[in-house]
There are 2 protein chains.
Amino acid sequence: MSKMLKDIIENNQNYQPGLSIDCVIFGFHDNQLKVLLIKVQRNSKWSLPGGFIPIDEDIDTAAVTVLNDRTGVDGIFLRQFATFGKVNRNDQHFDEKVLEYLQVEEAKGKWLLRRFVTIGYYALVDFLKIIPKPSNENEIVEWIDHKEVPELILDHKEILEKALDTLRTELNLMPIGYNLLPEKFTMPELQKLYETILDKKLDRRNFLRKITNIGILKKLDEKKSNVAHKAPNLYSFDKEKYDEVLKNGLNQGW
Amino acid sequence: MSKMLKDIIENNQNYQPGLSIDCVIFGFHDNQLKVLLIKVQRNSKWSLPGGFIPIDEDIDTAAVTVLNDRTGVDGIFLRQFATFGKVNRNDQHFDEKVLEYLQVEEAKGKWLLRRFVTIGYYALVDFLKIIPKPSNENEIVEWIDHKEVPELILDHKEILEKALDTLRTELNLMPIGYNLLPEKFTMPELQKLYETILDKKLDRRNFLRKITNIGILKKLDEKKSNVAHKAPNLYSFDKEKYDEVLKNGLNQGW
DNA sequence: AGTACATTGCGTCATAATAACACATTTAAA
DNA sequence: TTTAAATGTGTTATTATGACGCAATGTACT
């Protein structure tokens, strides 16, 4: 932090006051659903990557910037899911000591001390295509298994939980693998992705039938190599049909 | 407006800057899905009821206040669904002329002229229990059929559409009638509610079977009186089971 | 009073989706 | 060569869904 944050505080008239963005960036690797977390060295707790909103940018655009800053990619699945604004949510986060440390004027510093409402976005990214990028030299950026996320700052744990909850619901409304898996993948991998998100075992054969019937998969004439046991077939998504289902939704219900 | 808005502007340090709340309040009557809209006389366009966020209130609490101000009820279904923050969303809404009219100092007035990000909430209320209440003497509050909503200010039409879209999706995830219908209701009424929200005809007999199987209805030993044709049976919700389904969700999907 | 008509209540039947499970095949490792 | 673990491809019973049929009820009209 520091230089960048100091710049923002001193030019706070260029940013939307009292409003921030936090991103829950999901990736899938080693059969684990991972979350990209950051740590500012000075601080002992991990947090979600976030940022402020330039007054001349749409909030969605600002969210893309946050994502892009940390992952170096864009054109990815990024979706707003909730806004958090409890009165005390960022009490005791930044205080006078921080402002003193940053050497900003008291008047300017007040901008940072008030209640910040934060808009939560979640992103689905291809783990292998991302190189976690600290946005400055003191920042640590890491993928952490969602089951082993340590204590986070402020209400970030609540934000993460809500994102995961949203993801679970969306799983019933749309396909999601395209954003989280590599170009080619196996059926067990896709199933494991679903199982990990839902935290629930699924029957292998029933899963195959159901996911196949959606009509978004292409079975490739190729098997995964260098694997223990029988080599599983490779699949890829039929992007055109995938997008169609994304648009129209899965379960019509009524 | 006016007195109240002027007060807010002059005491803007008591409100979250650049942030507002807009409520899409749904009611059901005469087989129509209605939306509660307001009109400030000076202005020719209708708008969603909204408000600002006191710095010492949670955003959810502020939303309850907005709802309560216009309907006089609380303890109702109220849910945040999205946050809107395009850069130009409130350009040309309030301008210098308004501030002049309100006779507020220019410095204070600037608070109102910047981009406001608005948090959208939607509410489901029992039409008959609500008495639309103007929050001041110049305000007009009215129920308007969602199919006949005229042009609205700013991006309020977009906000309304998004709320309706969310409601349609939620219909597949949870039951909703409890909040929109009176204590006792008929099966055709409940079905019409679903048809109106979904904008789609449903088969009467299949609807009965499906809604009954959810297990949230109590068939009363009573028929609706004063109706043309055969008197339909009355139903009410089994609140305990209803809440259980609300919590656990309808379609498990996977 | 008698009849037409709209609406309700309670079904059926064919088809599709889902849950539970069986068995042969492939491959690495013992 | 055998074993164990995983994959590929089924079957069967049950349940859910979509598309209808028909008698009963009550209003409105002649």
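These lines cover the structure that appears in this document, whether it is placed above or below. As the structure is a computational prediction, the values presented were derived from the model and not from experiment. (Residues numbered from 1 in each chain as written. Chains lettered and ligands numbered in written order. Predicted model: local features only at pLDDT ≥ 70, side-chain atom pairs only at ≥ 80, totals over all residues. Heavy atoms only, no water.)

1. Description of the overall build of chain A
Part 1: Within chain A, the regular secondary structure consists of nine helices and 10 strands.
Part 2: Principal-axis analysis of the C-alpha atoms places the extent of chain A at approximately 65 × 45 × 30 Å.
Part 3: Across the 254 residues of chain A, 50% fall into the buried class.
Part 4: Long-range contacts, defined as pairs at least 24 residues apart, comprise 74% of the intrachain contacts of chain A with a sequence gap of at least 6.
Part 5: Averaging the coordinates of the 37 positive side-chain charges in chain A and doing the same for the 39 negative ones gives two points 7 Å apart. (Helix = DSSP H or I, 4+ residues; strand = E, 2+ residues; numbered from the N terminus. Buried < 20%, exposed > 50% of the residue type's maximum accessible area, 1.4 Å probe, protein only. Contact = heavy atoms within 4.5 Å. Lys, Arg positive; Asp, Glu negative; His and termini not counted. Charge placed at Lys NZ, Arg CZ, Asp CG, Glu CD.)

2. So, the pattern of salt bridges
Part 1: Going through the model one piece at a time under the given rule, you end up with 26 salt bridges over all chains.
Part 2: Between R70 of chain B and E139 of chain B there is a salt bridge whose closest N-O contact spans 3.0 Å. Of this pair, R70 of chain B sits in helix α2 (residues 59-71) while E139 of chain B sits in strand β7 (residues 139-145), placing them 69 residues apart in sequence.
Part 3: Judged by relative accessible area, E139 of chain B falls into the buried class, the value being 8%.
Part 4: One salt bridge connects E158 of chain B with K86 of chain B, and the closest N-O pair in it is separated by 3.7 Å. Of this pair, E158 of chain B sits in helix α5 (residues 156-171) while K86 of chain B is found in the loop between β5 (77-84) and α3 (96-102), placing the two residues 72 residues apart along the sequence.
Part 5: On the basis of relative accessible area, E158 of chain B is assigned to the partly exposed category, the value being 39%.
Part 6: For K86 of chain B, a relative accessible area of 45% translates into the label partly exposed.
Part 7: Beyond isolated ion pairs, a larger network of salt bridges with shared partners links K192, E195 and K201 of chain A. (Salt bridge = Lys/Arg side-chain N within 4 Å of Asp/Glu carboxyl O.)

3. Some remarks on the packing of helix α7 (residues 187-198) of chain A against helix α8 (residues 204-214) of chain A
Residue and element names in this part refer to chain A.
Part 1: Look at α7 against α8: their axes get within 11 Å of each other, and the N-to-C directions meet at 95 degrees. Judged by the inter-axis angle, α7 sits roughly perpendicular to α8. Touching M187, L190, Q191 and Y194 of α7 are R204, F207, L208 and I211, all from α8.
Part 2: The residue makeup of the contact of α7 with α8, split by class, is six nonpolar, one polar and one charged. (Axes fitted to C-alpha atoms, helices over the stretch in contact; angles between N-to-C directions. Parallel < 35°, antiparallel > 145°, perpendicular 65-115°, else oblique. Nonpolar A, V, L, I, M, F, W, Y, C, P; charged D, E, K, R; others polar.)

4. So, the interface of chain A and chain B
Part 1: Taken together, the contact between chain A and chain B spans 41 residues of the former and 41 residues of the latter.
Part 2: Roughly 3,000 Å² is buried in total at the junction of chain A and chain B, and carbon and sulfur atoms are behind 54% of that figure.
Part 3: Considering only the surface of chain A that becomes buried against chain B, Q16, R115 and W254 of chain A emerge as the three largest contributors, covering 27% of it.
Part 4: Elements represented by at least two residues in the side of chain A that touches chain B include exactly β1 (15-29), β4 (50-54), β5 (77-84), β6 (117-124), α7 and α8 of chain A.
Part 5: Ranked by the residues each element gives to the side of chain A that touches chain B, the list is headed by β1 of chain A, at five residues.
Part 6: Taken together, the residues that form the side of chain A that touches chain B break down as 22 nonpolar, 11 polar and eight charged. (Buried area = accessible area lost by both parts, 1.4 Å probe.)

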